[in-house]
Amino acid sequence: MSVWVTEEVMRWGLRFCSRRSLWQHRGFPVTTSVKDTSFPSQQLVHSWGTRQSHTCLARSLVSSLRFYSQDRIYNEDLEEASLPAEIQTEETASRHKQRRSPFLDHLRRCGSPSDVLDLTCQYSVTVRQVSNSLTHMWSTTKKMSDDQRRYELQLMFEHPAFDRLLQKAMKSVGHMRSDDMAYSLISMVKLGVPQRSRVVQTFLRTCQEKLNDFDEKGLSILASCLEHMESSPNVAALKEGMRLVVEARLPGIKNVMPLQTMMRLFGKDAPLDLKRKLEGKALSMTDQFSLPNTQYMISTMATMGFYSKPLLNVCSKKIKENLHGIPFNRLFTVLQSCRELHYRDLDLFTDISDYVASTVDIWTNKQLVLFLSVLENLVFCPAALMEAFAEKVIANPHSLTLKDLLCVLKVYSSLNYDLQHQRQQFLDSLSRALDSYLPKLSVFELLKSVYCLCLLGHFPSALLERLLQSSTLEQFNATAPKFLQSQERMFQTVNLCLRLDRPLLPLPLTVPSSLLGDPAADIPSVNLWLSQSLHSVLGDQADTMLQEMVVVEDFYLIDGVITLPNQTSVTEASLCAGDECSPVESSQRIAVICVPHSGFCYGTSNPRGSLAVKTRHLKILGYNPVLVTEQELQSVSEEKRTEFLRGRIFPEHHRSDTQPTMEQLGS
């Protein structure tokens, strides 16, 4: 016993010294490389020469101890195998349980993979204990920081007992229960054992052979593992086998989480009929949905690339009722999944905006910016959140990082939300914050910032002068071709804003023509739906009053320009449209523009981004913009479409309470 204690003390002391030297050597271990992925475990290469001598000494001590332990400790595997089934009495089972309990008690106290491996050196582990050991090794790493996890995994791969544990797992996989087999496989994959190694491939093949023995829980664990594994013949075969088994057993699935896990595994490649069956099963279980289930179901549908409005509506309702119980990561994932699915729920987005705005102080700037960004990607204007965040920026603009500032500029310029009395303070605060980052801004970030501010109708002189100085412009001339088109588009917008908005600047500034590209716009074909309706509205006078596909300022395209004498009725306009006594100066010009639905903020008629600045500039040029969407033109009959356009173009001849909307016309 004294010899055993001496060796135990030496081994633990050596391991402590070895760990301490590694932690003190340049912080943490560097990235490791695989020597031979065909072996069951990874063998890693260190950059420290002194480590090799420590490792050799440790291995010699551990080897002697391990040999001693195997000679002294009762081998349960051999004993169990030697007992006939009829002798496995209740008393024997109880004795086995008592023998196993010390190992499990010690296992629960292990705080790292190496601790677990040290424990396996003291016991001849059973088949069940192999799985328990691998699972606990994975479990301990989940609580570690990234650097600590890297270090502990490196120690694990160097530990001589790791190879033996994997060898034991490989030999005993055929005797494992399905749950233990699945847990062992996912633990090895998560611990970084090469997926094409012999041990992992052996487990995959055995899972295929025993797939019919897996219950709902085992299939769920296996699905979680396969979801993140690299493609290989065994992985593909196992996935296909699981698809067949799940499809056959679908009516018998009782729990929501296993169903969702398997839905994610099948992913976008699942046949449509299987997706429909999974949808039906999920709808039959909606009464079991917990709050996490609803959040996870939306991201699961995004993973599958499957849009189920009934399921989404159920989940959305549950989320709206429990917003205060959802942490940031899950709420953000829900919004991202809605974007991937092109799912729009105005009430859900509004409730989220109001909730985040009412609790704005509990969120970090980074979280608030991410909320704004994902809602902008959903083409939704979160009015309450934008106002609350603007107040934070005004109070402390320098708390924003450069990345945050660029994102905020993009969101506010895209959504074109009117902050009213806060507008000027907010824009001035953003400009001051950007001024402090001027030395760090790349030329493209500088252009993007100025472009966004111009969309907002704000023209800070410091940023404009820096952008348009010769040394900066020379860098744009060397821009790679892939950025050229977007660069030219932004410069054209900045140039138009300087000419049409006419900001008060210390020095007159213009954009050189060399950066504006070809001013000639590519004119698309005439929109037949709009053209027919405009001719119906104007009747016989269409030829004299209507111009189609007009390009203004070599930049803005107008689908139809209707020129009317000013302050006249429709009848008078029809009579005088061709007279020479109606000069252009005294006429009214109506610019009818057909835009995609995405040109407006979702659920509103508020134009956003480039469409907003286009309408602003057309008003400056003397046009009265009338915006219609392609969906509005195509969703109703020609008669109703004509009536709708007549009401939009000549609103003074339709009472406000009776003017038809497209929804009314379509009903």
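Going along each chain's sequence as written, the residues are numbered from 1 onward. Local features in this predicted model are restricted to residues whose pLDDT is 70 or higher, and side-chain atom pairs enter the listing and the counts only when it is 80 or higher, whereas totals over whole chains, interfaces and linings include all residues. Only heavy atoms go into the side-chain values, all of them from the structure, while hydrogens and water stay out.

Runs of E in the DSSP output that reach at least two residues are strands. Runs of H or I that reach at least four are helices, and both are numbered from the N terminus. Across its full length, the chain carries 33 helices and four strands. Counting only residues that meet the buried cut, the chain has 48% of its 667 residues in that class. Partitioning the contacts of the chain with sequence separation of at least 6, the portion at a separation of at least 24 is 73%. Note on areas: Shrake-Rupley, 1.4 Å probe, and residue coverage restricted to the protein chains presented here. Working note: accessible area of the chain is about 33,000 Å², and carbon and sulfur atoms make up 52% of it. Relative accessibility decides the category of a residue: with a 1.4 Å probe and only protein chains considered, values under 20% of the type maximum give buried, values over 50% give exposed, and everything between is partly exposed. Pairs of residues are marked as contacts when any of their non-hydrogen atoms sit within 4.5 Å.

Between Lys or Arg on one side and Asp or Glu on the other, a salt bridge is scored when a side-chain nitrogen of the former is within 4 Å of a carboxyl oxygen of the latter. Inspection of the entire model under this criterion finds 17 salt bridges. One salt bridge in this structure joins Asp146 and Arg149, with 2.9 Å as the shortest N-O distance. Here Asp146 and its partner Arg149 are both found in helix α7 (residues 146–158), three residues apart, which amounts to about one turn of the helix. Residue Arg149 is classed as partly exposed on the basis of its relative accessible area, which comes to 22%.

What follows covers helix α32 (residues 638–649). A helix is expected to span 1.5 Å for every residue after the first. With twelve residues, α32 extends 16 Å between its outermost C-alpha atoms, agreeing within 8% with the 16 Å of an ideal straight helix rising 1.5 Å per residue. Taken as a whole, α32 has its buried residues at Arg641, Thr642, Phe644, Leu645, Gly647 and Ile649.

A word on the packing of aromatic side chains. Any pair of Phe, Tyr and Trp rings, taking the six-membered ring for Trp, is counted once the centres come within 6.5 Å. Such a pair is stacked with planes under 30 degrees apart, edge-to-face with planes over 60 apart, and tilted for the rest. Summed over all chains, the structure comprises twelve aromatic pairs. For the pair Phe328 and Phe332, a centre-to-centre distance of 5.6 Å together with 15° between the ring planes defines the contact as stacked. Linking Phe328 with Phe332, this pair stays in helix α17 (residues 328–341), spanning four residues, or about one helical turn. The interplanar angle of 40° and the centroid separation of 4.6 Å between the aromatic rings of Tyr412 and Phe426 together place this pair among those described as tilted. Taken together, the residues span a long stretch of sequence, with Tyr412 in helix α21 (residues 402–415) and Phe426 in helix α22 (residues 423–436) at a distance of 14 residues. Considered together, Tyr412 and Phe426 belong to a single accessibility category, that of buried residues. An aromatic cluster of three or more residues is present, and its members are Phe328, Phe332, Tyr355, Trp363 and Phe371. Seen from the ring of Trp138, Lys142 lies directly overhead, with NZ or CZ sitting 4.2 Å from the centre. Between Arg589 and the ring centre of Tyr623, over which it is positioned, the NZ or CZ distance is 4.1 Å. Our definition puts a charge over a ring when NZ of Lys or CZ of Arg is within 6 Å of the ring centre and also within 35 degrees of the ring normal.

Across the ten residues of strand β2 (residues 556–565), eight count as buried, placing the element largely inside the fold. When DSSP finds two or more bridges between two strands, those strands count as paired. If you look at the hairpin formed by strand β1 (residues 546–552) and β2, you'll find three residues sitting between the two strands, and Glu553 has a positive phi there, around 55°.

Before going further, it helps to examine the environment of Lys239. Examined against the element boundaries, Lys239 turns out to sit in helix α12 (residues 233–249). Note on Lys239: relative accessible area 29%, which makes it partly exposed. Sequence spacing of Lys239 and Phe266 is 27 residues, and the spatial spacing of their C-alpha atoms is 7.7 Å.

Another point: the packing of α17 against helix α18 (residues 346–358). Inter-axis angles, ranging from 0 to 180 degrees, are taken between N-to-C directions of lines fitted to C-alpha atoms, where helices are fitted over the stretch in contact. Contact geometry for α17 and α18: axes closest at 12 Å, N-to-C directions at 150°. In terms of orientation, α17 and α18 fall into the roughly antiparallel class. Seen along the crossing, α17 lies across α18 with a hand that is left-handed. Residues Leu331, Leu335 and Cys338 of α17 form the contact with α18, whose own contacting residues are Leu348, Phe349, Ile352 and Tyr355. An angle below 35 degrees is treated as roughly parallel, one above 145 as roughly antiparallel, one from 65 to 115 as roughly perpendicular, and anything else as oblique. Throughout, a crossing is termed right-handed when the near helix is turned clockwise from the far one, and left-handed when it is turned anticlockwise from it by less than a right angle.

Within the secondary structure, Asn495 is located in helix α26 (residues 481–500). Setting aside residues up to four positions removed in sequence, Asn495 forms contacts with Val511 and Leu516.

Across the interface, α18 lies against helix α20 (residues 383–395) with an axial gap of 7 Å and an inter-helix angle of 25°. Between α18 and α20, the angle is such that the two are roughly parallel. Crossing geometry of α18 relative to α20 is assigned as left-handed. In this structure, α18 uses Ser353, Asp354, Val356 and Ala357 to contact α20, whose residues at the interface are Ala383, Ala384, Leu385 and Ala388.

By nonpolar core is meant a set of buried Ala, Val, Leu, Ile, Met, Phe, Trp, Tyr and Cys residues that side-chain atoms within 4.5 Å join together. Counting residues in each nonpolar core, the largest one holds 171 residues, and the members touching the most others are Tyr412 and Phe491. Sort the elements by how many residues they give to this core and α21 lands first, with nine residues. Every residue in contact with Phe491, bar those within four places of it in the chain, is listed here: Leu447, Leu467, Leu468, Leu473, Phe476, Val511, Leu515 and Leu516. Within the second largest apolar cluster, 19 residues are counted, among which are Leu534, Met545, Ile562 and Leu633.

The phi torsion at His342 lies on the positive side, around 55°, for a residue other than glycine. With respect to the helices, strands and loops of the structure, His342 is situated in the loop between α17 and α18. Not every positive phi belongs to a glycine, and Met549 is a case in point at roughly 55°. Here Met549 falls in the buried class, since its relative accessible area comes to 13%.

Quick look at helix α30 (residues 609–620) now. Relative to the 16 Å expected for twelve residues at 1.5 Å per residue, α30 spans 17 Å between its end C-alpha atoms, a close match to the ideal helical length. All of the buried residues along α30 are Gly609, Leu611, Ala612, Val613, Lys614, Thr615, His617 and Leu618. Looking one or two residues beyond α30, the residue adopting positive phi is Gly622, at roughly 95°.

What follows deals with the state of the cysteines. To count as a disulfide, a pair of cysteine sulfur atoms needs to be within 2.5 Å. Using the criterion set out here, one finds zero disulfides in the structure. The structure places no disulfide on Cys207, whose sulfur is separated from the nearest cysteine sulfur, that of Cys225, by 8.2 Å. Classification of Cys207 by relative accessible area gives buried; the value is 0%.

Here we take up the environment of Val369. For Val369, the position within the fold is in helix α19 (residues 365–377). Taking the C-alpha atoms as reference points, Val369 and Lys403, 34 residues apart in sequence, are found 9.7 Å from one another. The contacts of Val369, once residues within four sequence positions are left out, are Phe389, Asp404, Cys407 and Val408.

Before going further, it helps to spend a moment on the environment of Met285. Relative to the assigned elements, Met285 resides in the loop between α14 (272–284) and α15 (291–304). The exposure class of Met285 is buried, given its relative accessible area of 3%. Distance from Met285 to Lys254, taken between C-alpha atoms, is 8.3 Å for residues 31 residues apart in sequence. Excluding anything up to four places from it in sequence, Met285 contacts Ile253, Lys254, Asn255, Val256 and Leu259.

What pLDDT expresses is the predictor's confidence in each residue, scored from 0 to 100. The predicted model of the chain has a mean per-residue pLDDT of 81, with 78% of residues at 70 or higher. Between residues 568–585, whose pLDDT stays under 50, and residues either more than four places distant or in other chains, the model counts 15 contacts. Counted against residues more than four places away or in other chains, residues 655–667, with its pLDDT under 50, gives 21 contacts.

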